[in-house]
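Descriptive analysis of the structure
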Amino acid sequence: MGFHLPAIRQASLAASQASSKFVEVPKGYLAVYVGEKEKRFMIAISYLNQPSFQDLLYQAEEEFGYDHLLGGHTIPCSEDFFQCITSHLN
């Protein structure tokens, strides 16, 4: 049995990875890349005010700086950990 996270959306990767970075991000969301496979998620911008999410952004800054080649922020954690953190923010 799965669970639904209303404020997080997984971007569709229907075409190639190159075209997926140009998938439009809905208003009120931010694209982030997570995990070794850099899976793309769209998160609610309201998460940016949450201390636990700010910790993830700080880690991303420490590891990657502000130069993001994929057009979104890369979060240096596993997909499972990311989904655990974001599920508590809903």
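These notes cover the structure that comes with them. (Residues numbered from 1 in each chain as written. Predicted model: local features only at pLDDT ≥ 70, side-chain atom pairs only at ≥ 80, totals over all residues. Heavy atoms only, no water.)

1. Description of the overall build of the protein chain
Definition in use: Secondary structure elements are defined from DSSP: runs of H or I of at least 4 residues count as helices, runs of E of at least 2 residues count as strands, and each element is numbered from the N terminus. Burial classes follow relative accessibility: with a 1.4 Å probe on protein chains only, a residue under 20% of its type's maximum area counts as buried, one over 50% as exposed, and anything between as partly exposed. It only takes one pair of heavy atoms within 4.5 Å for two residues to be counted as in contact. To measure how exposed things are, a 1.4 Å probe is used in the Shrake-Rupley method; for residues, cover is taken only from the protein chains shown.
A count of helices and strands for the protein chain gives three helices and four strands. For the protein chain, the N- to C-terminal ordering of α and β elements is β-α-β-β-α-β-α. Looking at the protein chain as a whole, 32% of its 90 residues are labelled buried. Counted over contacts in the protein chain with a minimum sequence separation of 6, partners at least 24 positions apart contribute 54%. Total accessible area on the protein chain is roughly 6,000 Å²; 54% of this is exposed by carbon and sulfur atoms.

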